[in-house]
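Structure assessment
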Amino acid sequence: MPQSIKSALAAVVAALLLIGALPSAADESGDARSRLERLGSDLGRALGTLRERLTARDSLRQRLAEADRRVAAVNAEITLTETATAALEKELDGLRAEQAAARERIESQRELLARSLALAARNGQADRLVLLLRQEDPARLARLLRYQRHVADAQAARLGELRQQLDAFQQREAQIADEASAVARRKGELEQQRAELARARAERQALLARAEQDVDRGEQRVRAIEQDQREIKDVLARIARREAEAREQEQAERRREAQARQEQDDREQAKPPAGPPSARRPPDEAAPQTSGPVVTARPTPSAPGERFAARRSRLPWPVSGQLKARFGTRRESGRTRWDGVVIAARPGSNVRSIHAGKVVYADVLGGYGLLVIVDHGEGYLSLYGYNDAVLKRVGQRVQAGEAIASVGDRGKASGAYFEIRHRGQPVNPSVWCGG
């Protein structure tokens, strides 16, 4: 049960107990009791309605988590398909280059064989006639005739080799055609996956809008309950003050005056001296800014196997962009502070690991959305939230600068959420990351 509900219930119980302790004969106390009973009933109904809205919001968040997982799966499949398509096109370019080289070799061998055949045709019959007319040694004549047969056999073998090259050329052409068909099919599958991604994104955006509206209504109702609680406490305080002795009233007044003087003294002491704003206010107490500095994911030189702690102030940021929310500043609600930073980045941009480590978490987690956590050893963890897709699995090792996720589009909370923790405690990323 949320802490605000517990506090409200405790206030109702305390109010009813105080009502029972008031004098029943006093008209003012009776009026106050009746009013407090009505406020208690109204508060109970309001708390019931709030619980129903919180349940409905949790259901929407579960559906949103499923949509995030589907989008992540489609994005990962698209990444693999595009990689395979690029490899296939590269292979196809190689086949075409081999095809062109084969044509050149065939044409060269064809010309050489044609010249050889023409020369044999001109000299073959003339050589035999000369040998017969000279009536030379029959053994020598037989050797010359065998030599000419060897030459003819070699020419026939070259003709056979040419035919085999032509056959291989035709097979290669068929293979190229098959590869081209495969590329076309893969491209078609890629387009279908893109359409599926668009549908999943639309579904997720609709769920996100509904969840945000429900959370806003819940927050408004919580503030109304807190206001009712303050009103109940005020009524009880007024009745208690009227029933208290004058001495207690005077002591309370003196305490309030002392507290007011202490607060005034604290304000006087807290006034900053004259000088530039950077000299008047410590960095951790800086006033909220509507825009932050621009950070970069450009890596800095590092030694192989360098420890995380040794990279203090020299780590790269996970993405490049402007800081939208800074560490330690108050959130919009004003009740909590940022444990990390939000970096404005284009949806779909790669989110890179700031240091070598192992992925220990990759799933949807509450307000972080699709979250990736990398363990760098020595108690240091880096967290990457608001993602649209996860590119690594739990247990995989990653290197510094390696892409582990892609930036999501979360409406008002668009950008990349980044956090560093040491032994479970958040630390300021700006102290560790440069750029």
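Each chain carries its own residue numbering, running from 1 in the direction its sequence is written. Local features in this predicted model are restricted to residues of pLDDT 70 or higher, and side-chain atom pairs are both shown and tallied only at a pLDDT of 80 or more, whereas totals for entire chains, interfaces and linings draw on every residue. With hydrogens and water set aside, each side-chain value is computed from the structure's full complement of heavy atoms.

**Details of the overall build of the protein chain**
- Secondary structure elements are defined from DSSP: runs of H or I of at least 4 residues count as helices, runs of E of at least 2 residues count as strands, and each element is numbered from the N terminus. The secondary structure content of the protein chain amounts to 6 helices and 11 strands.
- The proportion of buried residues among the 435 residues of the protein chain is 30%.
- Contacts spanning at least 24 positions in sequence make up 68% of the contacts within the protein chain whose residues lie at least 6 apart.
- Taken as a whole, the protein chain presents about 26,900 Å² of accessible surface, with 51% of it coming from carbon and sulfur. Burial classes follow relative accessibility: with a 1.4 Å probe on protein chains only, a residue under 20% of its type's maximum area counts as buried, one over 50% as exposed, and anything between as partly exposed. Whether two residues touch is decided by their heavy atoms; if any such pair falls within 4.5 Å, the residues are in contact. Here the accessible surface of atoms and residues is derived via Shrake-Rupley with a 1.4 Å probe, and residues count as covered only by protein chains that are part of the display.

**Concerning the pattern of salt bridges**
- One speaks of a salt bridge when a side-chain nitrogen belonging to Lys or Arg is within 4 Å of a carboxyl oxygen belonging to Asp or Glu. Counted under the stated rule, the structure contains 11 salt bridges.
- Here R69 and E66 are joined by a salt bridge, their closest N and O atoms 3.1 Å apart. Separated by 3 residues within a single helix, R69 and E66 lie in helix α2 (residues 27-134), roughly one turn from each other.
- Of the charged contacts in the structure, one is a salt bridge between E378 and R307, with a shortest N-O distance of 2.5 Å. Here E378 is found in the loop between β6 (370-377) and β7 (380-390), whereas its partner R307 is found in the loop between β1 (294-295) and β2 (321-325), with 71 residues between them in sequence.
- Residue classification places E378 among the partly exposed residues on the basis of a relative accessible area of 35%.
- Taking the relative accessible area as the measure of exposure, R307 reaches 48% and is therefore partly exposed.

**Regarding unusual backbone geometry**
- Phi is positive for Y386, which is not a glycine, with a value near 65°.
- With respect to the element layout, Y386 can be found in strand β7.
- You can call Y386 buried: its relative accessible area is 8%.
- Its identity is not glycine, yet R423 carries a phi of approximately 55°, on the positive side.
- With respect to the helices, strands and loops of the structure, R423 is situated in the loop between β10 (416-422) and β11 (425-427).

**Points about the environment of G367**
- With respect to the helices and strands, G367 occurs in the loop between β5 (357-364) and β6.
- Taking the C-alpha atoms as reference points, G367 and G385, separated by 18 residues in sequence, lie 8.8 Å from one another.

**Examining the nonpolar core**
- For the purposes of this section, nonpolar cores are sets of buried Ala, Val, Leu, Ile, Met, Phe, Trp, Tyr and Cys residues that join through side-chain atoms within 4.5 Å. Core analysis: the largest hydrophobic core is formed by 30 residues, its most contacted members being W317, V372, Y384 and F418.
- Listing elements by their share of this core, those giving two or more residues are α2, β3 (341-343), β5, β6, β7, β9 (403-407) and β10.
- Residues A46, L47, L50 and V222 belong to the second largest nonpolar core, which totals 7 residues.

**Looking at the pairing of β2**
- When β1 meets β2, the two strands line up antiparallel, connected through 2 bridges. Opposite V294, over in β2, you have Q322 as the bridge partner.
- Across 2 bridges, β2 lies against β3 in antiparallel orientation. Within the sheet, the bridge partner assigned to A325 lies in β3 and is V342. Two strands pair under a simple rule: DSSP has to find at least two bridges between them.

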